[in-house]
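Fold and contact review
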Amino acid sequence: MTTQARPAFGTVLTDHMAVAEFRDGQWSPFEVRPVGPLPMHPAAHVLHYGSECFEGFKAYRRPDGRIAIFRMSRHVERMRQSARQLVLPEPDPQQFADMVRAVIDRDRAQVPEAPGALYLRPMLIGTTQNIGAAATPSGEALFIVLASPVWDYFAGGMKPLRIFVEERTTRTASHLGVVKTGGNYAAALGPTLAARREYGVDQVLFCPGGEVQETGAANFLLIREGKILTRSLDSTFLHGVTRDSLLTMARDLGFQVEERVFTVAEMLAWVKDGEAALSGTAAVLAGVGTLVTRDGEHRVAGTGEVGPVTRRLRAALVGIQTGENPDTRGWLEYV
Ligand code: PLP
Ligand code: COI
């Protein structure tokens, strides 16, 4: 694959993966191998009881050939927290980071130049063979690091997104929103496809009981000059590293950042003249153009375009990641 080709997000992997096995209470040393099928027993715990979690973060090519990884330690900690909540063996933080660095180093030539990036996808699965283990954790596991050259997650780049506001269903169980596990994405798929069919939207914003949470694969922010409003951290949604990065930068830029519960009614009032956006590793900061409710359509800031403050914050974040802006907070590490 040349670095100029732009496959859809996640459809192409680099040539190598790193693999470690958990058995008899400890992690094996890891191996870097060509990407290929895994030998998997049909009774493996993950195939029956969904014992799985994953992470997603990016690394960026620098003109001098170094590769900069963005806030890896945050993702390592989030994955260890997901593993704990799913009662899976926790990856060792040092080994996790070494596996990521080893894959990047091995496939260095496949890391695209900006605006592309290398998307790292660590995954942890329960492999104990026991179809009766519905209420027993998997004592054996595989931890694998995959890598994928990526560009835009949303087809159309900076095209303003159409979002359906879903008040009737939840994205996932209220204690599991904070866990990055495959089952949450499976749970959101049906409502997302239904909303796509019915309302022609890109994504669903889950707002159970009228409280705004997040979309299927990104956090949600309300933005205007000098001010940001987003839901305060609780167990119902994923605590995005991008969300944290944007809020930190915005505070440093003098924005007033409010983290609290807010309602659909408040959001619809905000977007009459304010902006709205999705934040995430894949989404970066993607502007929302239209919020669609069962009662009608609401054009963000009256225009339905991606707003200027959203564009500015996105550029400030991407600038740090790609090296155009200084990394004053130690968010990058180099391979
Ligand atoms: N919420 C969900 C459901 C996600 O899948 C993601 C993506 O990882 C996010 C939020 C944003 O998290 P982060 O910024 O750490 O990528
Ligand atoms: C990410 O931003 O890392 C995500 O998890 C999105 C992914 C589901 C494609």
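Residues numbered from 1 in each chain as written. Chains lettered and ligands numbered in written order. Predicted model: local features only at pLDDT ≥ 70, side-chain atom pairs only at ≥ 80, totals over all residues. Heavy atoms only, no water.

1. A short note on the overall build of the protein
- Across its full length, the protein carries seven helices and 18 strands.
- Taken over the C-alpha atoms alone, the protein extends approximately 60 × 50 × 35 Å along its principal axes.
- Counting only residues that meet the buried cut, the protein has 51% of its 335 residues in that class.
- When contacts within the protein are restricted to residue pairs at least 6 apart in sequence, long-range pairs at least 24 apart make up 72% of them.
- For the protein, the exposed area adds up to about 14,500 Å²; of that, 52% sits on carbon and sulfur atoms.
- Averaging the locations of the 36 positively and 37 negatively charged side chains of the protein gives two centres separated by 3 Å. (Helix = DSSP H or I, 4+ residues; strand = E, 2+ residues; numbered from the N terminus. Buried < 20%, exposed > 50% of the residue type's maximum accessible area, 1.4 Å probe, protein only. Contact = heavy atoms within 4.5 Å. Areas by Shrake-Rupley, 256 points an atom, 1.4 Å probe, with all protein chains shown as cover. Lys, Arg positive; Asp, Glu negative; His and termini not counted. Charge placed at Lys NZ, Arg CZ, Asp CG, Glu CD.)

2. Focus on the packing of aromatic side chains
- Counted according to the given criterion, the structure contains nine aromatic pairs.
- Centroid distance F9 to Y119: 5.0 Å. Interplanar angle 65°. Geometry classified as edge-to-face. Within this pair, whereas F9 is found in the segment before β1 (16–23), its partner Y119 is found in strand β7 (residues 117–126), the two being separated by 110 residues in sequence.
- Between F70 and W331, the aromatic rings sit 5.7 Å apart at their centres with planes inclined by 85°, giving edge-to-face as the arrangement. Placement of the pair is F70 in strand β6 (residues 67–70) and W331 in the loop between α7 (308–322) and β18 (332–334), with a sequence separation of 261 residues.
- Judged by relative accessible area, which is 8%, W331 ranks as buried.
- Connected via pairs of aromatic rings, a cluster forms that spans F9, Y119, Y153 and F154.
- The ring of W270 carries R224 above its face, with NZ or CZ at 4.4 Å from the centroid.
- It is R329 that lies over the ring of W331; its NZ or CZ is 4.9 Å from the centre. (Phe/Tyr/Trp six-rings, centres within 6.5 Å; stacked < 30°, edge-to-face > 60°. Lys NZ or Arg CZ within 6 Å of the ring centre and 35° of its normal.)

3. Considerations on the domain arrangement of the protein
- Parsing the protein into structural domains produces domain 1 (16–150) and domain 2 (161–322).
- Centre-to-centre separation of domain 1 and domain 2, based on C-alpha positions: 27 Å.
- The interface of domain 1 with domain 2 comprises 21 residues on the first partner and 20 residues on the second.
- Summing the contributions of domain 1 and of domain 2, the shared interface buries around 1,800 Å²; its carbon and sulfur component is 56%.
- Linking domain 1 with domain 2 are two salt bridges, by the criterion used here.
- With a shortest N-O distance of 2.8 Å, R71 and D244 are connected by a salt bridge.
- On inspection of domain 1 and its partner domain 2, the count reaches 13 residue pairs in polar contact (both at pLDDT 80 or more).
- Contributions of two or more residues to the side of domain 1 that touches domain 2 are made by β4 (52–54), β5 (57–61) and α2 (72–85).
- Of all the elements, α2 adds the most residues to the side of domain 1 that touches domain 2, at six residues. (Domains from an automatic or database assignment. Buried area = accessible area lost by both parts, 1.4 Å probe. Salt bridge = Lys/Arg side-chain N within 4 Å of Asp/Glu carboxyl O. Polar contact = N/O pair within 3.5 Å; in protein donor to acceptor, adjacent residues only side chain to side chain.)

4. Concerning the site of ligand 1
- Surrounding ligand 1, one finds 18 residues, the nearest of these being Y185, E214, V241, T242 and T281.
- Interatomic distance of 2.8 Å between a side-chain N/O atom of R78 and an oxygen atom of ligand 1.
- Taking V241, its main chain carries an N or O atom lying 2.7 Å from an oxygen atom of ligand 1.
- When ligand 1 sits alone it has 390 Å² of accessible area, and the protein chains cover 97% of it. (Near = heavy atom within 4 Å.)

5. Points about helix α3 (residues 93–106)
- Compared with the 20 Å implied by 1.5 Å per residue over 14 residues, the 20 Å span of α3 between its first and last C-alpha is a close match.
- Those residues of α3 that sit buried are Q95, F96, A97, M99, V100, V103 and I104. (Expected span 1.5 Å × (residues − 1).)

6. Looking at the pairing of β5
- Buried residues dominate β5, accounting for four of its five residues.
- Across three bridges, β5 lies against β7 in antiparallel orientation. Bridging from a neighbouring strand, K58 pairs with Y119 of β7.
- Pairing between β5 and β6: three bridges, direction antiparallel. (Pairing = 2+ DSSP bridges.)

7. Quick notes on the pairing of strand β12 (residues 219–224)
- With five of six residues buried, β12 is to be regarded as a mostly interior element.
- Bridge count for β12 against strand β15 (residues 275–280) is five bridges, and the pairing is antiparallel. Across the sheet, the residue bridging to N219 is S279, located in β15.
- Where β12 and strand β13 (residues 227–230) come together, three bridges link them in antiparallel fashion. Following the sheet pairing, L222 is matched in β13 by L229.
- As consecutive antiparallel partners, β12 and β13 are separated by two residues, and within that stretch G226 has a phi angle of approximately 80°, a positive value.

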